[in-house]
Amino acid sequence: MNFHQRYKDLFWFSYRVGFKPVAGRITSDAGFGCLIRVAQSMLAETIKRHLGLNGAYDKHKERVRILSLFLDNELDHTISPFSLRRMCEIAHEICQLRPGEWFRGSTASLVLEEAVKRGLKDSSLSNFRIFAFIQGAIELHQLDRDMPHEKEEESKESNQKTETGALLMISTMLGLDEVNPDYYAPILDILALPQSVGILGGEGNKALYFFGFQGDRLLFLDPHYVQPALKGIEDLNDPRGLGTYEPHGSYSLEIRRMQTSVTLCFYVQNRADLDDLIARMRQLEEQHQDNWFLSLIEGPLDDLHGCDMEDFHPLD
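Residues numbered from 1 in each chain as written. Predicted model: local features only at pLDDT ≥ 70, side-chain atom pairs only at ≥ 80, totals over all residues. Heavy atoms only, no water.

Visitor: Please set out the sheet that holds strand β7 (residues 165-173) residue by residue, giving values where relevant.
Guide: Spatial strand order, β3-β7-β13-β8-β9-β10-β12: 7 strands in an open sheet with mixed pairing. Edge positions in the sheet fall to β3 (128-133) and β12 (251-254), since each of these pairs with one other strand and no more. Put simply, the sheet's adjacent strands are angled 30° from each other on average, direction ignored. Both strand β10 (residues 217-221) and β12 contribute to a ladder of 4 bridges, which runs antiparallel. Looking across to β12, one finds that F220 is bridged to Y251. Most of the contacts of helix α5 (residues 105-117) go to β3, to which it runs at about 150°, and overall it touches β3, β7 and β13 (261-268). Docked against the sheet, helix α10 (residues 271-288) engages β7 and β13, running at close to 135° with respect to β13. (Pairing = 2+ DSSP bridges. Helix = DSSP H or I, 4+ residues; strand = E, 2+ residues; numbered from the N terminus. Axes fitted to C-alpha atoms, helices over the stretch in contact; angles between N-to-C directions. Contact = heavy atoms within 4.5 Å.)

Visitor: An account of unusual backbone geometry is needed here, citing residue identities and associated values.
Guide: The phi angle at A23 is positive, at roughly 60°, despite the residue not being glycine. Residue placement: A23 occurs in the loop between β1 (15-22) and β2 (26-28). Classification of A23 by relative accessible area gives exposed; the value is 52%. The residue Q96 is not glycine, and still its phi comes out positive at about 55°. Note on placement: Q96 falls in the loop between α4 (84-95) and α5. (Buried < 20%, exposed > 50% of the residue type's maximum accessible area, 1.4 Å probe, protein only.)

Visitor: Report on the side chain of R16, specifying residues and quantitative values.
Guide: Along the polypeptide, R16 turns up in strand β1. Summary of buried charges: R16 has no salt-bridge partner, and the nearest side chain of opposite charge, D72, is 4.7 Å away. A polar side-chain atom of R16 sits 2.9 Å from the main-chain carbonyl oxygen of P228. When neighbours within four sequence positions are excluded, R16 is seen to be in contact with T27, S28, D29, R37, D72, Q227, P228, A229, L230, T244 and Y245. (Lys, Arg positive; Asp, Glu negative; His and termini not counted. Salt bridge = Lys/Arg side-chain N within 4 Å of Asp/Glu carboxyl O. Polar contact = N/O pair within 3.5 Å; in protein donor to acceptor, adjacent residues only side chain to side chain.)

Visitor: So what's going on with the pairing of strand β8 (residues 196-203)? Which residues, and what values?
Guide: The two faces of the sheet receive side chains in turn, since in a regular strand these alternate between them. In terms of burial, β8 is a largely internal element, 7 of the 8 residues being buried. One ladder, built from 4 bridges, connects β8 with β13; its direction is antiparallel. What sits directly across from L200, in β13, is T263. As paired strands, β8 and strand β9 (residues 206-214) are joined by 5 bridges and run antiparallel to one another. In the sheet register, I199 faces β9, and the bridge partner there is F210. Connecting β8 to the antiparallel partner β9 that follows it, the hairpin turn spans 2 residues, and G204 within it adopts a positive phi of roughly 60°.

Visitor: Describe the pattern of salt bridges, naming the residues involved and giving the relevant values.
Guide: Applying the stated rule across the entire model yields 19 salt bridges. The closest approach of N and O atoms between R240 and D238, which form a salt bridge, is 2.8 Å. We classify R240 as exposed; its relative accessible area is 68%.

Visitor: Tell me what's going on with empty space enclosed by the protein, and back it up with residues and numbers.
Guide: For the structure on display, the rule yields 1 cavity of 30 Å³ or more. In this structure, the largest cavity encloses a volume near 30 Å³. For the largest cavity, the full set of lining residues is M281, R282, E285, W292, L294, S295 and L296. Counting only elements with at least two residues in the lining of the largest cavity, the list comes to α10 and β14 (295-297). Each residue belonging to the lining of the largest cavity can be placed in one class, and the counts come to 4 nonpolar, 1 polar and 2 charged. (1 Å grid on protein atoms, 1.4 Å probe; cavity = no way out; pocket = protein on both sides within 12 Å on 5 of 7 lines; lining within 4 Å. Points joined across faces, edges and corners; volume = space filled by probe spheres on them. Nonpolar A, V, L, I, M, F, W, Y, C, P; charged D, E, K, R; others polar.)

Visitor: Summarise the sheet that holds β1; cite the residues concerned and give the values.
Guide: Across the sheet, which stays open at both edges, the 3 strands sit in the order β2-β1-β11 with mixed pairing between neighbours. Strands at the two margins of the open sheet, each flanked by one partner only, are β2 and β11 (226-228). The mean inter-strand angle of the sheet, taken between neighbouring strand axes irrespective of direction, is 40°. Both β1 and β2 contribute to a ladder of 2 bridges, which runs antiparallel. Each residue of the ladder has a partner; that of V22, found in β2, is I26.

Encoded structure:
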């Protein structure tokens, strides 16, 4: 698949206006929801990979299927578990974040992890997990516990193998006021990993979804456009409504202009893919040595919760 095709296959989430009130008063996320929107763009791409839709498939049907999980106007969270209103509800419950307040990348990762834990109606996502990690550390003990080692559960009726796919979201800092120049090469190497599904980050105080790179410039989707909210699934079935999620234009950014607070995202389709990702990370750690900013740790971190990380600045 060439770059143009891959780009058009991405999901572009942007500000919406005119949806049913969230918390009784909010009918648009313009001004506060851009981190939520870039997280949705990344998650939709991840779900596409999880469903094995990187080759030939019924694009219209499957995009409608995936986007229905994010509908702003769907009040039933079992149908749209990753909608803006549902993410705001969970953020209020677990992070005491009021609807209309800024999300951090770490907040989005914890909220999405919790949304999956509460159950998904779509049976094709029953074996999908999200792991939220903070402080730039991947807790291997948690992955060992929750993703099977060389085990393959088999359906007694069909003999089909069941494998657990997972999204890993790792929040970290790339510097204080600006990105450490020593991190430029590792950032590009991370985006080049086959398991990478991009970076939730930003420029200044604007959240962006970095999905790849060209040369030494990061490619991104920008959510800072206001579009009318779709009424429901019927609007997704209309090509005009579905087209509002198709990327338009092409944007890139110098790494040095990135916001320092980022969430690195990886999708692994099974335990073997996870082991491959960990092996590739160990190689990158050896290659970059002191300029490597991620950690693989065996035991649990301290009790610091992603909702309380003061050094992770809000983006919007």
